[in-house]
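Single-letter residue listing:
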Amino acid sequence: MQLANGSAYVFGNGPHDLHGLRIEHVAHALSQINRFTGHTREPYSVAQHSVFVSKLLDFDPRLAMLGLAHDAHEIIIGDIGTPLKLALKAEGAAGILGLLEAQADAVLYPLFGVNPTASDFDREAIKRADLVALATEYRDLMVRRHDWNLPHPPSRTKIVPVPAHIAAQQFMRRFRQLKRQVSVKPSSGRRNDVGTKRP
């Protein structure tokens, strides 16, 4: 599979030809992939979603970087909505999707300077932030005809979709900000919309 910089990702265990692949190429690709298969009132990219999730995890710069990276594999496999994931699980195919995501994460997470193998705490915090983002996106971006039965309330922050090139710029700005902060220990008591803090 050819990527934005002309390098090649090979499904399975490679070998890949990812020479020259940089975080800028990840930002570019994610900025052009729409969330919800394009069924929002306005185009809303995975790049903008990733920045939003990252900011929900601001209480810990390392977690915030993981939040920024959490959908990076979608530059390889695309944005697959929860209903399709549930259908794949019902057909016994969820394990294949999980494997493909993990293989892509193993290649892409080092670009962010983080380990793709997250702890239970990390996974719980990122999942919660992702669900808060989902509730916010439903409130601000979708036609609300059905109850999604979401487990967490939306953020107080309103989402305003931006064009792809702006989303890519925001992604890169967030990455550079977190890269400077990631070695700084977070305050142990600080909470935000996610309502999670490191024990």
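If you're wondering where the values come from, they're calculated on a predicted model, not measured in any experiment.

**Student:** Summarise the overall build of the protein chain; cite the residues concerned and give the values.
**Tutor:** Check the secondary structure of the protein chain and you find 8 helices and 0 strands. Starting at the N terminus, the α and β elements of the protein chain follow one another as α-α-α-α-α-α-α-α. Scaling as 2.2 N^0.38, a compact globule of 199 residues should have a C-alpha radius of gyration of about 16 Å, and the protein chain matches this with 16 Å. If you line up the protein chain on its principal axes, its C-alpha atoms span 45 × 40 × 35 Å. A fraction of 64% describes how many contacts in the protein chain between residues 6 or more apart in sequence connect residues 24 or more apart. About 10,800 Å² of surface is accessible on the protein chain, with carbon and sulfur atoms providing 54% of the total. Of note, the protein chain has its 25 positive side-chain charges centred 7 Å away from the centre of its 19 negative side-chain charges.

**Student:** Give me the lowdown on helix H2 (residues 46–56), citing residues and values where you can.
**Tutor:** In terms of burial, H2 is a largely internal element, 10 of the 11 residues being buried. Burial in H2 covers these residues: Val 46, Ala 47, Gln 48, His 49, Ser 50, Val 51, Phe 52, Val 53, Ser 54 and Leu 56. The inward-facing, buried residues of H2 contact helix H1 (23–31), helix H3 (61–69), helix H4 (74–77), helix H7 (120–141) and helix H8 (164–181).

**Student:** Go over the pattern of salt bridges, please, and point to the residues and values.
**Tutor:** One pass over the structure, following the stated rule, counts 7 salt bridges. For Arg 174, the salt bridge is made with Asp 58, and the minimal N-O distance between the two is 2.6 Å. On the criterion of sequence distance, the pair formed by Arg 174 in helix H8 and Asp 58 in the loop between H2 and H3 is long-range, its members being 116 residues apart. On the basis of relative accessibility, which here comes to 4%, the residue Arg 174 falls in the buried class. Among the salt bridges present, the one from Arg 139 reaches Asp 140, with a minimum N-O distance of 2.7 Å. Judged by relative accessible area, which is 24%, Arg 139 ranks as partly exposed.

**Student:** If you had to explain the side chain of Asp 130 to someone new, which residues and values would you point to?
**Tutor:** Looking at the secondary structure, you find Asp 130 in helix H7. With residues up to four places along the chain from it excluded, the contact list for Asp 130 reads His 49, Val 53 and His 70.

**Student:** Explain the environment of Gln 2 to me, and be specific about the residues and the numbers.
**Tutor:** Relative to the elements of secondary structure, Gln 2 occurs in the segment before H1. Sequence-wise, Gln 2 and Lys 127 are 125 residues apart; in three dimensions their C-alpha atoms are separated by 30 Å.

**Student:** Could you give me a rundown of the side chain of Thr 136, with the residues and numbers involved?
**Tutor:** Along the chain, the position of Thr 136 falls in helix H7. Of the residues examined, Thr 136 reaches a relative accessible area of 0% and is grouped as buried. With near-sequence residues (within four places) excluded, Thr 136 lies in contact with Phe 52, Pro 154, Ser 155, Thr 157 and Ile 159.

**Student:** So what about H7? Which residues, and what values?
**Tutor:** Counted at 1.5 Å a residue, the expected span for H7 with its 22 residues is 32 Å, and the 31 Å between its end C-alpha atoms agrees. When you tally the buried positions in H7, you get 16 out of 22 residues, the bulk of the element.

**Student:** Explain the packing of aromatic side chains to me, and be specific about the residues and the numbers.
**Tutor:** For the structure shown, the criterion picks out 5 aromatic pairs. Over the ring of Phe 36 we find Arg 35, and its NZ or CZ is 4.7 Å from the ring centre.

**Student:** Quick rundown of unusual backbone geometry? Include the residues and the values.
**Tutor:** The phi dihedral of Phe 36 is positive, around 55 degrees, even though this residue is not glycine. Looking at where Phe 36 falls in the secondary structure, it is placed in the loop between H1 and H2. The exposure class of Phe 36 is buried, given its relative accessible area of 16%.

Each value, and the rule that gives it
- Sequence order as written defines the numbering, with residues in each chain counted from 1.
- A pLDDT threshold of at least 70 governs which residues receive local features in this predicted model, and a stricter bar of 80 or more applies before side-chain atom pairs are shown or counted, although totals over entire chains, interfaces and linings include all residues.
- Values reported for side chains reflect all heavy atoms of the structure, with hydrogen atoms and water molecules removed beforehand.
- Helix and strand assignments come from DSSP, with helices taken as H or I runs of at least 4 residues and strands as E runs of at least 2, each series counted from the N terminus.
- The reference for a compact globule is 2.2 Å times residues^0.38; the radius of gyration itself is calculated from the C-alpha atoms.
- The contact rule is simple, with two residues in contact once any of their heavy atoms fall within 4.5 Å.
- Note on areas: these come from Shrake-Rupley sampling with a 1.4 Å probe, and a residue is covered only by the protein chains present in the view.
- In this tally, Asp and Glu contribute negative charge and Lys and Arg positive charge; neither His nor the terminal groups of the chain are included.
- Lysine's charge is taken at NZ, arginine's at CZ, aspartate's at CG and glutamate's at CD.
- Each residue is assigned to one of three classes by its accessible area relative to the maximum for its type, calculated with a 1.4 Å probe on protein chains only: buried under 20%, partly exposed between the two thresholds, exposed over 50%.
- Whenever a carboxyl oxygen of Asp or Glu lies within 4 Å of a side-chain nitrogen of Lys or Arg, that contact is scored as a salt bridge.
- In a helix, the anticipated span is given by 1.5 Å times the number of residues less one.
- Two rings from Phe, Tyr or Trp (for Trp, the six-membered ring) form a pair when their centres are within 6.5 Å of each other. A pair whose planes differ by under 30 degrees is stacked, one over 60 is edge-to-face, and the rest are tilted.
- Each ring is checked for a lysine NZ or an arginine CZ that lies within 6 Å of its centre and within 35 degrees of its normal; such an atom marks a charge sitting over the ring.

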